Amino acid sequence: MTTIRFHLPEDAIERVCFTYSAKLEAVFRLHALVEPQRHPLHHAWIRQMRGLPLALRRELASCSFAFGAAPPSLGTALPDPLASIPAGPFESFEDGVAAIRALPAETVAAGLAGVVAIGDQTCTAPTRSALAMAHDDPLAFMERLCALLEAYWQAAFAREWERIEPHFSDSVSQAGWLMRTGGLYGFIDTLGTRVRARRDRQQFDLELSCAPQWGSAKDSPDVDVTVSETFTFVPTMFSWPHIWYGIESEWPPGMTYHVPVIDDQARPRVPPVELVRILRACGDDVRLRALRRIAERPRSTQELAPLIGITEPALSKHLRQLAD
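Note that this is a predicted model, so its numbers are computed, not measured. The written sequence of each chain sets the order in which its residues are numbered from 1. For this predicted model, a pLDDT threshold of at least 70 governs which residues receive local features, and a threshold of 80 or more governs which side-chain atom pairs are given and counted, while totals over whole chains, interfaces and linings are taken from all residues. Side-chain calculation: all heavy atoms of the structure are included, whereas hydrogens and water are not.

**Q** I keep staring at the sheet that holds strand β2 (residues 16-18) and nothing clicks. Help me out?
**A** Note: strands within a sheet are paired through backbone hydrogen bonds, in either parallel or antiparallel orientation. One open sheet holds the four strands; their spatial order is β2-β6-β8-β7, and the pairing between them is mixed. The sheet terminates laterally at β2 and β7 (245-246), the two strands that pair on one side only. At least two DSSP bridges between two strands are needed for those strands to be called paired. Only DSSP runs of H or I covering at least 4 residues are called helices, and only runs of E covering at least 2 are called strands; the numbering of each starts at the N terminus. Two elements, β7 and strand β8 (residues 254-258), share two bridges in a ladder whose sense is antiparallel. Looking across to β8, one finds that Tyr-245 is bridged to Met-255.

**Q** What is the right way to look at the side chain of Glu-35 in this model?
**A** Within the secondary structure layout, Glu-35 lies in the loop between α2 (22-34) and α3 (43-48). Any N or O atom pair separated by 3.5 Å or less is treated as a polar contact, with the protein-specific requirement of one donor-capable and one acceptor-capable atom, and with residues adjacent in sequence counted only for side-chain atom pairs. Here Gln-37 takes part through its side chain, which lies 2.8 Å from a polar atom of the side chain of Glu-35.

**Q** It is not clear to me how the sheet that holds strand β1 (residues 2-7) should be interpreted in this structure. Could you clarify?
**A** Taking strand neighbours across the sheet as the criterion, the four strands line up as β3-β4-β1-β5 in an open arrangement whose pairing is mixed. Of all strands in the sheet, those with a lone pairing partner are β3 (195-198) and β5 (223-226), marking the two edges. With direction set aside, neighbouring strand axes in the sheet form an average angle of 20°. Bridge count between β1 and strand β4 (residues 203-208): six bridges; the pairing is antiparallel. Across the sheet, the residue bridging to Thr-3 is Glu-207, located in β4. Should any heavy atoms of two residues lie within 4.5 Å, those residues are considered in contact. Here, axes are lines fitted to C-alpha atoms. For helices the fit covers the stretch in contact, and angles between N-to-C directions go from 0 to 180 degrees. Seen against the sheet, helix α9 (residues 138-188) touches β3 and β4 and runs at an angle of roughly 135° to β3.

By themselves, these figures tell us nothing about what the structure is for.
Structure representation (structure tokens):
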């Protein structure tokens, strides 16, 4: 278990802001496409994406390492230029891509280093050419990724964004209401079991579980982060079960959280106690055969017992369980 401890100033609530980004959500969705086993909530949508143009699917396969494709033993990562926390409020898709294109070459190269290192360890025939470009000319490779994002936006995600954008807007509105009524920590308390408010210490903790099935390869040392500027919370739909965060000095600090509709889908569905009792009562061969005979027409125990093949006293015990 690795923990990132965010230490907050006394006026932290005044330094917190919320935003969402069509570009960032598109990146998370492409991550789900290249790593579907890590995104069980989204398989219905992933199946729909089989209808993407063949050229786009091939390009995504070639650049898959840049969208987090990796075996569980290596964990998963997204390059900062693509998955960095947005610096401004509610950027459009076009603005998000333009911000990537405006980055200097050295920043792009540094941001790509992690995913390129993973790609080198998992290189396949489809990714070999893209990896070579990422090594030789990081800026040209980032332009290639931007073009891929634009092709995906035009082919599918522009329409999808119109459908899902209200979820992000509603999530930000709900977060504002939570902060007005319960303060910053009242909002943090709603972010799930991996995010823990530490009111007495003026901090909150983000736990990064070592969970290979989700792509977390191994534990790392705990990290302490002092929040001295604006900290941004970003609602997302397609990042589940990951929580992405920004703590590097050259990128805006912040973290993602899941919109309520996704948390509702992910929450375990525990059957009501009464339903469990009913199912247990029915989960017996004798009682099921008795129910079938009774469903045909009313029967006395004297008639029913020989049809089931047990004695009347034994049948009465089973019937009492069903009656209860």
